[in-house]
Amino acid sequence: MNTIGSQGRPPVRIGVIGATPARGWGTAAHLPALQALEEFEVTAVSTTRLSTARATAEVFGIPLAFADDDELVSHPDVDAVAITVKVPEHDRLIRAALAAGKHVFSEWPLGVDLGQAIALADLARASGVQHVVGLQGYQAPGALFVRELIENGDLGQLLTVSVVAAGGPAGRRIPQANAYATDVAAGATVLSISTGHILATLARAVGEFRELSAVVALINKETTVIETGQIVPVTAPDQVVLAGRLEGGAVASVAVQGGSAPVAPGFELRIVGTDATLLVRPATPGGIHITDWAVSISRPDGSAADLPVPGRFSPVPAAVPAGPPRNVAVLYREFARAINHSQPAVPDFATAVRYHRLLERIQRASDTGVRQDADR
């Protein structure tokens, strides 16, 4: 039953597609985030089997469970739909939700390629509903804090930015659930998923790329499915290295190491200015867009200090669990603001198209060996 939240509005009734009880991003991040936010009421869940949908509904106290996604999308008790399934399924489900007049939260990537993303963004714009894409790093508290430090002049003039990060989902050994990602056509590669998340997060912290060169490579050309021992070919890239200039003139490099590369910690971000250097590492296990940031500053005189991210950059209730749900909850609050005030969310499907286009230019830079303008 709907109640009135502290903002004086009834919660948005949302259905989550793809939240299985034992695994997956829907149950690890989306449902814990939504349950802690008064802006939303989770009214429905769907999976590929009614038994798993009912199990998830029981665990999270959700009234409606479906094995048919269309039933969830068309149900009158659903105002918005969260799509947390594999990338190749996004197009069909987003189209169905938009046709039903529902607001849409789609996980990143928006589509399997740029063309699909453009078509979905155009359709969403014409539908008149609100839409958001799951680039939660775009609203990450750590990224916003670092941006403020830079804009306040704490680092002096920005000189260089470098990131080394683990990427996925494919590796030398993978679970059956990720086997689809071995095919580059599925749109779930270390370039499309991991690099896209990293670039969107970096954009909020240090600015967008203006021009870049890149190498997108496939090193491990086969993988073993853990459950079956089957060896399957891999066509999706597992390494991405890019370098270029940011919009403010600083130079930047990003190395995303997939294919089961042993990267510890999960990422390291170094931001060098004329007056100080920031070092960012994960405060808890996770990627740059998922985890809380541990930020430290060092200066030429040898002094150094830790800089806790102020709470004002993470305006979510304490009830939101630490880890993956935190940044997702921040993004859901942005989604609720967009719905309640009929204003575009940030990042929306148009933002998704911008990053799909940037990834295409990275691939082109790798294929041609020619430096690319990143903003055209």
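You'll find the structure just up there.
One structure accompanies this document, and this report is about it. (Residues numbered from 1 in each chain as written. Predicted model: local features only at pLDDT ≥ 70, side-chain atom pairs only at ≥ 80, totals over all residues. Heavy atoms only, no water.)

**Some remarks on the nonpolar core**
No. 1: Residues Ile271, Trp293 and Ile362 are the most contacted members of the largest nonpolar core, which totals 76 residues.
No. 2: When neighbours within four sequence positions are excluded, isoleucine 362 is seen to be in contact with Leu191, Thr195, Leu199, Leu212, Ala214, Val216 and Leu242.
No. 3: Counting residues in hydrophobic clusters, the runner-up holds 32 residues, among them Ala19, Ile62, Ala329 and Ala338. (Core = buried A, V, L, I, M, F, W, Y, C linked by side-chain atoms within 4.5 Å. Buried < 20%, exposed > 50% of the residue type's maximum accessible area, 1.4 Å probe, protein only. Contact = heavy atoms within 4.5 Å.)

**Re the environment of aspartate 348**
No. 1: Residue placement: aspartate 348 occurs in the loop between helix H8 (324-341) and helix H9 (349-368).
No. 2: Taking relative accessible area as the criterion, aspartate 348 reaches 11% and is therefore assigned buried.
No. 3: Each C-alpha atom, one on aspartate 348 and one on alanine 338, is 9.9 Å from the other, the two residues being 10 residues apart in sequence.
No. 4: Those residues in contact with aspartate 348 that lie beyond four places of it in its chain are His131, Val132 and Val133. (Helix = DSSP H or I, 4+ residues; strand = E, 2+ residues; numbered from the N terminus.)

**Quick notes on the pairing of strand S5 (residues 103-106)**
The two faces of a sheet get side chains in turn, since along a regular strand they alternate between them.
No. 1: Neither face of S5 is left uncovered, since the one carrying His103 and Phe105 and the one carrying Val104 and Ser106 both have all their residues buried.
No. 2: In this sheet, S5 lies alongside strand S4 (residues 80-83) in parallel orientation, the contact comprising 4 bridges. Looking across to S5, one finds that isoleucine 83 is bridged to serine 106.
No. 3: In this fold, the crossover linking S4 to S5 by way of helix H4 (residues 90-99) has right-handed handedness.
No. 4: Bridge count for S5 against strand S6 (residues 131-133) is 3 bridges, and the pairing is parallel. Bridge pairing links serine 106 to valine 133 in S6.
No. 5: Following the backbone out of S5, through helix H5 (residues 114-127) and into the adjacent parallel S6, one traces a crossover that is right-handed. (Pairing = 2+ DSSP bridges. Right-handed = clockwise from strand over helix to strand, strands pointing away.)

**Description of unusual backbone geometry**
No. 1: Here the amide bond leading from tryptophan 108 into proline 109 is cis, since omega sits at -5°, within 30 degrees of zero.
No. 2: The omega torsion of the bond from valine 346 to proline 347 falls at 10°, within 30 degrees of zero and hence cis.
No. 3: Following the sequence through the fold, proline 347 ends up in the loop between H8 and H9.
No. 4: With a phi angle near 50°, serine 342 is a residue other than glycine that sits in the positive phi range.
No. 5: Structurally, serine 342 is set in the loop between H8 and H9.

**With respect to the environment of arginine 299**
No. 1: Locating arginine 299 in the fold gives a position in the loop between strand S16 (293-298) and strand S17 (304-306).
No. 2: Expressed as a C-alpha distance, the spacing of arginine 299 and threonine 274, which sit 25 residues apart in the sequence, is 9.2 Å.
No. 3: When neighbours within four sequence positions are excluded, arginine 299 is seen to be in contact with Asp154, Asp275 and Ala276.

**Quick word on the side chain of arginine 361**
No. 1: Summarising the element assignment, arginine 361 is placed in helix H9.
No. 2: Among buried charged residues, arginine 361 stands out as having no salt bridge; its nearest opposite-charge side chain is glutamate 360, 6.4 Å away.
No. 3: At a separation of 3.5 Å, a polar atom in the side chain of arginine 361 contacts the main-chain carbonyl oxygen of aspartate 373. (Lys, Arg positive; Asp, Glu negative; His and termini not counted. Salt bridge = Lys/Arg side-chain N within 4 Å of Asp/Glu carboxyl O. Polar contact = N/O pair within 3.5 Å; in protein donor to acceptor, adjacent residues only side chain to side chain.)

**Re the sheet that holds strand S11 (residues 231-233)**
No. 1: Spatial strand order, S8-S10-S11: 3 strands in an open sheet with mixed pairing. Strands at the two margins of the open sheet, each flanked by one partner only, are strand S8 (173-174) and S11.
No. 2: Pairing of strand S10 (residues 222-225) with S11 involves 3 bridges; the strand directions are antiparallel. Paired with glutamate 222 across the two strands is proline 233, which belongs to S11.

**Points about helix H1 (residues 25-35)**
No. 1: Within H1, 8 of the 11 residues are buried, which leaves it mostly tucked inside the rest of the structure.
No. 2: Regarding H1, the residues found buried are Gly26, Thr27, Ala29, His30, Leu31, Pro32, Ala33 and Leu34.

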